[in-house]
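A closer look at the structure
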Amino acid sequence: MPLPFSQIKSIVGDDNLLRSPEELHCYSFDASKMRFVAEGVAFPADGAQISALVRLANEHRFPVYPRGSGSGMVGACLPQGGLVIVTNRLNRILEIDADNMTAVLEPGVITGDFQKAVAKHGLFYPPDPASLAFSTMGGNVATCAGGPKAVKYGVTRDYLLGLEMVLPTGEVIRTGTRTMKGVVGYDMTRLMAGSEGTLGIFTKIVVRLIPAPESVRTLTAVFSNLDCAVTAICEILRDRIIPSTIELMDQPTICAVENHLRIGLPVEAEALVLIEVDGPEVVLDGQLARIERICQKAGASRTEAARSDEERNRLWQARRSISPALGQIRPGKINEDVTVPRTKIPDLIRSIRSLAEKYDLTIVCFGHAGDGNIHTNIMLDRKDESERLRAGKAVEELFGIVLELGGTISGEHGVGIAKSPFIEMEVGGAGLDAMRKIKRALDPLNIMNPGKMFVSDRTFLEGSFV
Ligand SMILES: Cc1cc2nc3c(=O)[nH]c(=O)nc-3n(C[C@H](O)[C@H](O)[C@H](O)COP(=O)(O)OP(=O)(O)OC[C@H]3O[C@@H](n4cnc5c(N)ncnc54)[C@H](O)[C@@H]3O)c2cc1C
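The structure reproduced in this document is the subject of the present report. Owing to the predicted nature of the structure, the values given are computational and were not obtained by experimental measurement. (Residues numbered from 1 in each chain as written. Predicted model: local features only at pLDDT ≥ 70, side-chain atom pairs only at ≥ 80, totals over all residues.)

Before going further, it helps to spend a moment on the site of the ligand. In the neighbourhood of the ligand, 34 residues make up the surrounding shell, with Gly68, Gly72, Gly138, Gly139 and Gly197 lying closest. At the level of secondary structure, the elements contributing two or more residues to the shell around the ligand comprise β3 (64-67), α5 (137-143) and β10 (201-208). A per-element tally of the shell around the ligand places α5 first, with five residues. Tallied by class, the residues present in the shell around the ligand amount to 12 nonpolar, 18 polar and four charged. For the shell around the ligand, the two domains that each supply at least three residues are domain 1 (5-86) and domain 2 (93-211). (Near = placed C-beta within 6 Å. Helix = DSSP H or I, 4+ residues; strand = E, 2+ residues; numbered from the N terminus. Nonpolar A, V, L, I, M, F, W, Y, C, P; charged D, E, K, R; others polar. Domains from an automatic or database assignment.)

Ordered by their spatial adjacency, seven strands build an open sheet running β15-β12-β14-β13-β17-β18-β16, and the pairing between neighbours is antiparallel. The open sheet terminates on both sides in strands that have one partner only, identified here as β15 (300-305) and β16 (332-339). Going from strand to strand, the sheet's axes swing by 20° on average, the running direction of each strand aside. Where strand β13 (residues 245-250) and strand β17 (residues 362-368) come together, three bridges link them in antiparallel fashion. Note that in β17 the partner of leucine 248 across the bridge is glycine 367. Lying over the sheet, helix α13 (residues 345-358) contacts β13, β17 and β18 (373-380), oriented at roughly 160° with respect to β17. (Pairing = 2+ DSSP bridges. Axes fitted to C-alpha atoms, helices over the stretch in contact; angles between N-to-C directions. Contact = placed C-beta atoms within 7 Å.)

Time to look at the environment of isoleucine 210. The topology assignment puts isoleucine 210 in strand β11 (residues 210-211). The spatial distance from the C-alpha of isoleucine 210 to the C-alpha of alanine 38 is 40 Å, given a sequence separation of 172 residues. In this structure isoleucine 210 touches Met101, Phe124 and Pro126, once residues within four positions along its chain are discounted.

Burial analysis of strand β12 (residues 215-223) places seven of its nine residues in the buried class, which makes it a mostly covered element. Note that β12 and strand β14 (residues 271-279) share nine bridges and pair antiparallel. Note on β14: the bridge partner recorded for phenylalanine 223 is alanine 271. (Buried ≥ 20, exposed ≤ 12 C-beta atoms within 10 Å, placed from the backbone.)

Unlike most non-glycine residues, cysteine 144 shows phi in positive territory, near 50°. Along the chain, the position of cysteine 144 falls in the loop between α5 and α6 (150-153). One non-glycine residue with positive phi stands out, namely methionine 453, at about 65°. Locating methionine 453 in the fold gives a position in the loop between α15 (423-442) and α16 (458-462).

As a further point, take the sheet that holds strand β6 (residues 102-105). What the five strands build is an open sheet, ordered β5-β6-β10-β8-β9; its pairing is antiparallel. Every other strand in the sheet has two partners, leaving β5 (93-97) and β9 (172-176) as the edge strands with one partner each. Within the sheet, the average angular offset between the axes of one strand and its neighbour, ignoring direction, is 10°. With five bridges connecting them, strand β8 (residues 160-166) and β9 associate as antiparallel partners. The partner of valine 166 across the bridge, within β9, is valine 172. Sitting on the sheet, helix α3 (residues 47-60) touches β8, β9 and β10, and the angle it makes with β8 is about 50°. Across the sheet, helix α4 (residues 111-119) touches β5 and β6, and the angle it forms with β5 is around 35°.

Structure below.
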């Protein structure tokens with residue numbers, strides 16, 4: 001049955017509904033490179049319109065797919081027919097309460113814009129996905145996004161106080177509080193962080209803020225041995241310094257970036273580590289000196305501290321150039337965001353080297369070493385069937401290794417469609433069944449973002465890549 005377009009139009013207005021194949025094509029992708037097409041795309045103006053659309057979906061039994069900026073890496077916002085509901089018109093910051101250090105905002109606000117707005121009040125919203133220039137706060141909550149600063153400041157769920165949301169039945173509820181404390185009933189807010197649009201559509205978000213750090217210092221350290229790099233990282237944290245960032249690049253990554261930039265990176269090194277501390281100006285130089293001493297004691301062959309913004313940008317240049325550098329190795333990649341306890345990083349990277357050899361693939365590892373979140377990029381040309389099949393096997397084996405090491409198959413990107421066949425490996429049959437029961441209780445007609453998390457069909461997954 002076609003969607004009830006005239007009723008959808010009467011809710012959102014003529015100008016806020018797309019139906020032509022060209023327009024639908026624009027909403028058939030996210031950053032996963034999979035492609036699925038909707039029957040319509042609606043741009044509601046507020047929570048009341050979203051609620052009306054979801055009630056209509058229940059009445060006519062069509063699926064709805066919440067979407068922010070479509071920057072997700074696992075196809076979590078992609079439709080299979082039905083109606084995509086884009087939140088970008090709900091883009092107001094409703095309140096910044098500088099005294100209580102909280103803010104209320106709509107889900108379509110861009111993360112980086114929100115950070116800039118609170119900075120004007122001397123405040124700080126730390127979650128910093130690398131996509132913050134274009135991802136939405138609604139998408140960040142739905143994926144529980146995190147970034148380099150997670151090692152010190154945590155991820156989206158650590159700042160989320162409450163939500164207003166439209167349930168899959170169309171009812172509107174408020175979860176959580178505007179206070180730091182609040183223990184009334186089940187913690188629905190925390191359940192929603194990372195729910196990937198399967199349990200409802202957020203229409204207002206309440207977050208806590210913290211005072212902005214006064215200053216920042218940056219240092220890089222070069223290690224010829226990966227174990228020494230990880231020893232240094234653990235020692236720094238044991239020495240009661242919590243850096244705001246600890247980023248690591250392995251040797252294949254260093255070589256790829258050097259080939260791309262030609263800036264004299266140490267291509268013979270096993271690890272390049274970038275460390276940042278932030279806080280009161282008076283303590284930072286002392287902390288940086290202690291970090292430098294620890295790195296040298298652990299075996300760093302070279303350390304370099306930035307003394308100015310220009311030097312800091314130069315130190316970050318290598319880290320920021322990874323994506324374009326990788327594009328020169330192969331036309332495509334599978335970017336996994338596995339996470340292990342940080343002491344296990346050397347074991348993980350050594351196992352990945354063996355996988356690369358076994359399956360004759362180039363695999364580069366880099367990422368947030370402070371919290372053990374290692375982006376594992378399996379480079380491939382999707383048109384090369386043999387390479388694609390080998391990469392698929394390497395992914396499954398990688399997940400097994402990560403779980404053996406006590407880690408998780410996704411630290412940042414979530415499950416969506418891409419990791420759906422593997423979720424049971426981590427949470428187990430009973431764990432997945434408990435999640436299914438929650439989904440069924442809140443969404444008895446399976447209206448809200450179906451086809452995510454609970455789909456185990458790998459053939460369907462394989463055929464969807466472009
Ligand atoms: C270059 C690049 C770098 C990235 N770096 C990081 C990183 O460092 N850390 C990280 O965590 N992620 C990263 N990501 C992934 C992505 O940006 C995040 O997952 C982000 O939170 C998605 O936001 P979005 O607005 O694009 O959401 P979308 O991709 O549109 O949707 C993502 C999920 O959120 C749901 N959703 C969106 N809005 C709502 C709403 N209002 N209510 C309920 N559900 C909703 C969707 O249904 C879907 O399940 C990166 C992506 C790219 C392309």
